[in-house]
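Below, each chain spelled out in residue letters.
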Amino acid sequence: MKLGFNSAILDECTFEEVIDFASENGFTCVELCAWPKGKAVRKYAGVTHIDVDNLDVDYIRSYTESKGIEISAIAYYPNALDSDQEKSNYYVAHIKKCIEAAKKLNVNLVNTFIGRDQHKTVDENLTRMVEVWKPLVEFAEELGVKIAIENCPMLFTHDEWPGGQNLLTTPAIFRKAFELIPNENFGLNFDPSHFVWQQMDYVQPIYEFKDRMFHIHFKDIKVYKDHLNDVGIMATPLQYISPKLPGLGDVDWGKYVSALTDIQYRGYAVIEVEDKSFEDSLNSKKDSIKISRNYLKQFFA
């Protein structure tokens with residue numbers, strides 16, 4: 001596996017500063033955010049370290065190569081199934097730009113969400129998924145680009161309830177989605193933390209969906225049992241959970257990485273920092289990445 005980090009946490013930094021930091025701190029890759037320039041729609045969104053509307057392919061390639069850093073994926077995580085058709089169309093158009101950029105940069109991977117209309121059922125959303133995503137997946141396939149969907153429910157705050165804003169959140173839904181869109185370039189960016197707070201097994205899916213594991217996130221999460229006992233699982237999750245750095249939460253990283261080695265995963269594995277304990281300054285954010293690296297190094301040569 002190749003260890004890197006997601007660039008969203010370094011939102012104050014330029015593309016060059018992100019790549020320099022990765023190079024200076026022993027990383028081999030970075031998942032680079034490519035949101036449209038403008039106001040962020042939510043926390044950790046709106047970060048643009050690759051501007052796909054004004055893509056300087058030669059410069060990006062030469063700079064990353066000069067620093068010994070690979071781009072693990074182009075990252076853009078909107079709600080492409082938004083009930084507002086105008087928004088959905090906008091997100092889909094930008095996803096296509098990310099796919100084209102991934103091809104031009106020889107990255108050949110785009111990490112994203114399926115999205116979801118939070119007021120409709122899973123089956124209704126699966127039908128819409130086929131309408132929206134089958135053409136996108138086929139477009140990417142023609143260009144030799146893979147699509148990796150993160151398994152985050154996007155069900156953290158009151159405005160994301162009742163259904164959340166991302167459909168691919170459970171093995172049962174993974175199966176249905178891959179039956180409906182069986183293209184081999186359609187897979188997962190798998191993050192164990194999202195299964196922990198849903199009280200689900202985050203190891204077994206690695207084996208079942210081994211051929212769909214295109215990219216890996218290293219993010220931990222802590223479930224505060226006393227809070228859960230107080231508010232129950234029907235509460236908004238941030239009332240009883242908190243994202244943490246790897247090793248500071250409830251994920252058993254030995255079991256997780258062991259499963260990845262069992263399936264001989266050799267791809268990119270990146271740290272995703274959303275730990276609010278390290279958000280007070282840029283130095284703290286950089287420290288959070290280095291602390292995570294130090295913990296995870298035990299699993300890397």
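Everything here concerns the structure above.
Anyway, here's the lowdown on the structure attached to this text. Quick caveat, the model's predicted, so the values are computed rather than measured.

## Here we look at the overall build of the protein chain
(1) Moving on: Helix and strand content of the protein chain: ten helices and ten strands.
(2) Moving on: Relative to its length of 301 residues, the protein chain is compact, with a C-alpha radius of gyration of 18 Å against a globular reference of 19 Å.
(3) Moving on: The principal-axis extent of the C-alpha atoms belonging to the protein chain is close to 50 × 40 × 40 Å.
(4) Moving on: Of all 301 residues assigned to the protein chain, the portion counted as buried reaches 56%.
(5) Moving on: A fraction of 77% describes how many contacts in the protein chain between residues 6 or more apart in sequence connect residues 24 or more apart.
(6) Moving on: Looking at the protein chain as shown, the accessible area adds up to about 13,100 Å², and 47% of this sits on carbon and sulfur atoms.
(7) Moving on: Looking at the protein chain, you have 33 positive and 45 negative side-chain charges, and the mean spots of the two groups are 2 Å apart.

## Side note on helix α5 (residues 171–180)
(1) Moving on: If you check which residues of α5 are buried, you get P171, I173, F174, A177 and F178. Seen along its axis, α5 keeps its buried residues to an arc of 155°; they face one direction.
(2) Moving on: For α5, the elements touching its buried residues are α4 (122–143), β6 (186–190), α6 (193–196) and α7 (204–208).

## Focus: the packing of α4 against α5
(1) Moving on: Axis separation between α4 and α5 bottoms out at 10 Å; the angle between their running directions is 30°. The angle between α4 and α5 places the two elements in the roughly parallel class. As α4 runs across α5, the sense of the crossing is right-handed. The residues of α5 that touch α4, namely those facing V122, D123, L126, M129 and V130, are I173, K176, A177 and L180.
(2) Moving on: Looking at the contact of α4 with α5 residue by residue, the class counts come to seven nonpolar, no polar and two charged.

## Things to note about the packing of helix α1 (residues 15–24) against helix α2 (residues 57–67)
How two helices pack is summed up by the angle between their axes together with the distance between the axes.
(1) Moving on: Contact geometry of α1 with α2 gives a least axis separation of 9 Å together with a crossing angle of 20°. Classed by the angle they form, the pair α1 and α2 counts as roughly parallel. The crossing of α1 and α2 is right-handed. Of the residues in α2, those touching α1 at F15, E16, I19, D20 and S23 are Y59, I60, Y63, T64 and K67.

The rules we used
Residues numbered from 1 in each chain as written. Predicted model: local features only at pLDDT ≥ 70, side-chain atom pairs only at ≥ 80, totals over all residues. Heavy atoms only, no water. Helix = DSSP H or I, 4+ residues; strand = E, 2+ residues; numbered from the N terminus. Rg over C-alpha atoms; globule rule 2.2 N^0.38 Å. Buried < 20%, exposed > 50% of the residue type's maximum accessible area, 1.4 Å probe, protein only. Contact = heavy atoms within 4.5 Å. Areas by Shrake-Rupley, 256 points an atom, 1.4 Å probe, with all protein chains shown as cover. Lys, Arg positive; Asp, Glu negative; His and termini not counted. Charge placed at Lys NZ, Arg CZ, Asp CG, Glu CD. Arc of directions from axis to C-beta. Axes fitted to C-alpha atoms, helices over the stretch in contact; angles between N-to-C directions. Parallel < 35°, antiparallel > 145°, perpendicular 65-115°, else oblique. Left-handed = near helix turned anticlockwise from the far one by under 90°. Nonpolar A, V, L, I, M, F, W, Y, C, P; charged D, E, K, R; others polar.

The values are spatial; any link to function lies outside them.
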